[in-house]
2 protein chains.
Amino acid sequence: MAVFPAAITPLDRDLEPATDLLCAHARELLAVGCGGVLVLGTTGEAASLSLAARMRIVEAVGEAGLAPRAIIGTGACSLDETVRLTRLALEVGCPRVLVLPPYYYKGVSDDGLFDYFAMLVERVDDPDLRLHLYHFPAMAVICFSYALIGRLRAAFGEVIAGIKDSSGDRDHTLGLVERFPELAVYAGTERLLLEVVERGGAGCISATANVTAALAARLLETSGAERVELSDRLAAARAALEALPVIAAMKQLYAWRMGDEGLARVLPPLRPLSAEEQRILRATAAEHALLAL
Amino acid sequence: MAVFPAAITPLDRDLEPATDLLCAHARELLAVGCGGVLVLGTTGEAASLSLAARMRIVEAVGEAGLAPRAIIGTGACSLDETVRLTRLALEVGCPRVLVLPPYYYKGVSDDGLFDYFAMLVERVDDPDLRLHLYHFPAMAVICFSYALIGRLRAAFGEVIAGIKDSSGDRDHTLGLVERFPELAVYAGTERLLLEVVERGGAGCISATANVTAALAARLLETSGAERVELSDRLAAARAALEALPVIAAMKQLYAWRMGDEGLARVLPPLRPLSAEEQRILRATAAEHALLAL
C-alpha cells in the first residue's frame, strides 16, 4: 500500500525542467511518508516536454538515488520514444514505468493497442520491467478495456504489473481491484484511497498528493474512525482543489511554499492561475492546511 | 487552388520510414497534377513517428527538391519539438507547415492555445513562415475556435497563412472560407473540394487523394457539368474508402500498386487491413479505378 504523488515538474525561466528542484520536491514527498513518487505523469506535464527533456529528468532521478522509489511516466504516441524512455528508466534503476496508450489516433482497436504494448515489452526485452498501464479517459481518450488488460497480463505475466485508474469513476476503479487481484491497482485520487486499499488495491497515484502527501500517507498508517476521518479530510481537500485547474494549482502552491512566484510556471497549453483563481486557492490552502507539506 | 494528398509514410521492415519511397510517391502525386503534397500529416502517421524519424523525413523532402511543393506537418504536443521541426522545415526550404494544437491536455483554454502558437511563431522567428492550422476534432479533440483563429491572424498576419479543416463538417468548412478570406482554407476531403474552391477556398488536403489524386487535380482544371461529374465521382470514391480504416487502406492500395505487400505496414496502434477488409478494398479499387494513379 502506498501513496504516490504525481510530482509537478518545476520549470526554470526558459521553461526547461529544473531537475534539482524536482528531485528535492520528490525527496520531501518521501520524507513525509509517501511510499514513492510518480515522475513525468500528466501533472508533471510530460506530454508537453520534449523527449530530450524527459530523458534528462529520468537521468536526474537516477543520479539522485530516487529510482527505487519512483514510477516514471514513459508513454509517448511514438512507440520508438516509449521504448527509449522505458529502457532509460530501467538503466537508471527504475523498473516501474507508467505508460499511456498512444493517444493521437482515435477509434483504434484493442488489437492495435495490444500490438503497441506487445512491441514495447518485446523491444525493451527486460524481465525486470514492471509496466503500469495508465488509464485516463478524460485526457488520453483511448482507454484500456478489461479485455485488453487481461490479454496483456496473460501474455506478459508479472511484467504487466499494475494500473493507474484516473477515470475518477469509483465503480471502475473498484472493478479493477476486484477483477485483477494480481495487478497493483492505484486510484488516481485520494478520494478513493481508503476504499481501494481496504479492498486489496495498491493505493493511489494522485496530482493533489503534491500537497496532501502527509495526510494521505498517514491514512495508510491508521485504522478505524481515525482512518475514516482522514479520508473525509482528503476528499474535502481534493474536491476543493478540483474546482481549480489542478496542475496549475499544484504549481502555484509549490511556488508559494518555495517563496518563488516563478515556480508557478506551466508549459503551454496550460496557463498559470488567474488572480481570482489564486485568491480561491489561498483560501482553500488555508482551510485545508495545504501549504506546509 | 490546389489538391494536396496527405501522403502515406511507407515503412521498411524495421518500421522505419522509407524516405526514398515517400519522396518517389510524392513526385508521382505531383506528376498527375496535384498542386502539392502534405508530408507528415495524420495519414503520414506523424504522431506515431519519433522526432528523429520526422526530422529525417523533413531532411529527405528537402534533399529531394520537394520542399517548395510541400506542406509539412510539424505539430507535436511539446512546443519545443514543434519549434524544432518547424525550423527544420524552413531550413530545408519549406515555409508551409501544418500544425496541430497540442492534443494531450483536454479542456484547455483558447488563451492557452494562443500562448502555444504565439510562442511557436516567436521562437521560430522567421517572417517566411507560413503556418497552417490543423483543425481535426475527431483526432486532436482540441479545436480551433473562430475566435482563436481570428486572434492568431490579427496578431501574426500572413504568417498565419491557412487552415486545414478535417472536421468533415460542410457548414464549418464553408464557414471558414466565408469568415477568413485572407486564409488559405483547405477541406480535409475531396467531397467538399468543388464547393470550397467555387467559394474562394484554397482546395483540399486529403488522405484519400493518395489514390484519387489525378481525378481531384483534374476537377480544378474543368468547369460546368464536367466538374460536377468529377466531384460526384470523387465523393463516391471517398465514401467507399471511408467505410474502411482509411490510412491502412491507403497503404494497402500503395502496396498493391508497388507490388510489395510489405508496404502495407502501419505503425501501432494502427493495424493493417484484415483479409475481409482487403477484399472490400479490392472491389472498391476496381469500381472507382483507384489502383493506377
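Residues numbered from 1 in each chain as written. Chains lettered and ligands numbered in written order. Predicted model: local features only at pLDDT ≥ 70, side-chain atom pairs only at ≥ 80, totals over all residues. Heavy atoms only, no water.

Peer 1: An account of empty space enclosed by the protein is requested, with residue identities and associated values reported.
Peer 2: Enumeration over the complete set of coordinates arrives at 5 cavities of 30 Å³ or more. Estimated volume of the largest cavity: approximately 250 Å³. Looking at the largest cavity, it is lined by 24 residues, and the ones nearest its centre are A76, C77 and E81 of chain A together with C77 and E81 of chain B. Put simply, the parts of the chain that give the lining of the largest cavity at least two residues each are α2 (51-63) and α3 (79-91) of chain A together with α2 (51-63) and α3 (79-91) of chain B. Within the lining of the largest cavity, the residues separate by chemical class into 15 nonpolar, 5 polar and 4 charged. Here the second largest cavity defines a volume of roughly 100 Å³. As for the second largest cavity, its lining consists of 13 residues, and the residues nearest its centre are L15, S48 and L267 of chain A together with L79 and D80 of chain B. Residue assignment for the lining of the second largest cavity shows that the elements contributing at least two residues are α3 and α4 (110-124) of chain B. (1 Å grid on protein atoms, 1.4 Å probe; cavity = no way out; pocket = protein on both sides within 12 Å on 5 of 7 lines; lining within 4 Å. Points joined across faces, edges and corners; volume = space filled by probe spheres on them. Helix = DSSP H or I, 4+ residues; strand = E, 2+ residues; numbered from the N terminus. Nonpolar A, V, L, I, M, F, W, Y, C, P; charged D, E, K, R; others polar.)

Peer 1: Which residues make up the side chain of T189 of chain B, and what values go with them?
Peer 2: Residue and element names in this part refer to chain B. Along the chain, the position of T189 falls in the loop between β7 (184-187) and α8 (193-198). Of the residues examined, T189 reaches a relative accessible area of 4% and is grouped as buried. At a separation of 3.3 Å, a polar atom in the side chain of T189 contacts the side chain of R238. Excluding residues that lie within four positions of it along the chain, T189 makes contacts with C204, I205, S206 and R238. (Buried < 20%, exposed > 50% of the residue type's maximum accessible area, 1.4 Å probe, protein only. Polar contact = N/O pair within 3.5 Å; in protein donor to acceptor, adjacent residues only side chain to side chain. Contact = heavy atoms within 4.5 Å.)

Peer 1: Got a sec to walk through the packing of aromatic side chains? Specific residues and values, please.
Peer 2: Under the criterion given, the structure shown has 17 aromatic pairs over all chains. Arranged with centres 5.5 Å apart and planes meeting at 80°, the rings of F4 of chain A and Y186 of chain A form a pair that is edge-to-face. On the criterion of sequence distance, the pair formed by F4 of chain A in strand β1 (residues 2-5) and Y186 of chain A in strand β7 (residues 184-187) is long-range, its members being 182 residues apart. By relative accessible area, F4 of chain A is classed as buried at 1%. With a relative accessible area of 6%, Y186 of chain A lands in the buried category. Three or more aromatic residues joined by ring pairs make a cluster, and in this case those are Y103, Y104 and Y105 of chain A together with Y103, Y104 and Y105 of chain B. (Phe/Tyr/Trp six-rings, centres within 6.5 Å; stacked < 30°, edge-to-face > 60°.)

Peer 1: Residue-level account of the relation of the copies chain A and chain B, with values.
Peer 2: Each copy of the sequence occupies a distinct position, and chain A is placed on chain B by a rotation of 180° and an axial shift of 0.0 Å, giving an RMSD of 0.0 Å. Viewed as a symmetry operation, the transformation between the two copies matches a two-fold axis. Interface overlap between copies is the fraction of interface residues in one copy that are interface residues in the other; for chain A against chain B it reaches 100%, indicating a shared surface. (Least-squares fit on C-alpha atoms with pLDDT ≥ 70 in both.)

Peer 1: Pulling in residues and values, what's your account of the interface of chain A and chain B?
Peer 2: Chain A puts 43 residues into the contact, and the matching count from chain B is 43 residues. For the pair chain A and chain B, the two sides together bury roughly 3300 Å², of which 60% comes from carbon and sulfur. Among the residues chain A hides against chain B, the three largest losses belong to Y104, Y105 and P269 of chain A. Together they make up 25% of the total. At the junction of chain A and chain B, the tally comes to 4 salt bridges. The partner of D115 of chain B in a salt bridge is R271 of chain A, with the nearest N and O atoms 2.8 Å apart. Remark: the boundary between chain A and chain B carries 14 residue pairs in polar contact (both at pLDDT 80 or more). Elements with a contribution of two residues or more to the side of chain A that touches chain B: α3, α4 (110-124) and α5 (137-140) of chain A. Looking at which element gives the most residues to the side of chain A that touches chain B, the answer is α4 of chain A, with 7 residues. Here the side of chain A that touches chain B is composed, by residue class, of 26 nonpolar, 7 polar and 10 charged. (Buried area = accessible area lost by both parts, 1.4 Å probe. Salt bridge = Lys/Arg side-chain N within 4 Å of Asp/Glu carboxyl O.)

Peer 1: Describe in detail the pairing of β7 of chain B, supporting the description with residues and values.
Peer 2: Where a strand is regular, its side chains alternate between the two sheet faces. Residues and elements named next belong to chain B. Summarising the sheet, strand β6 (residues 160-165) and β7 pair through 4 bridges and their orientation is parallel. Across the sheet, the residue bridging to G162 is A184, located in β7. The parallel pair β6 and β7 is bridged by helix α7 (residues 170-179), and the resulting crossover is right-handed. In this structure, β7 lies alongside strand β8 (residues 203-206), joined through 2 bridges in parallel fashion. Across the sheet, the residue bridging to Y186 is G203, located in β8. Where the polypeptide runs from β7 across α8 and back to β8, its parallel neighbour, the crossover connection is right-handed. (Pairing = 2+ DSSP bridges. Right-handed = clockwise from strand over helix to strand, strands pointing away.)

Peer 1: Before we move on, can you summarise the environment of E276 of chain A with the specific residues and values?
Peer 2: All names here are of chain A. Positionally, E276 belongs in helix α12 (residues 275-288). The exposure class assigned to E276 is partly exposed, which follows from its relative accessible area of 43%. Among the polar contacts listed, one links the side chain of E276 to the side chain of R279, at a separation of 3.0 Å.

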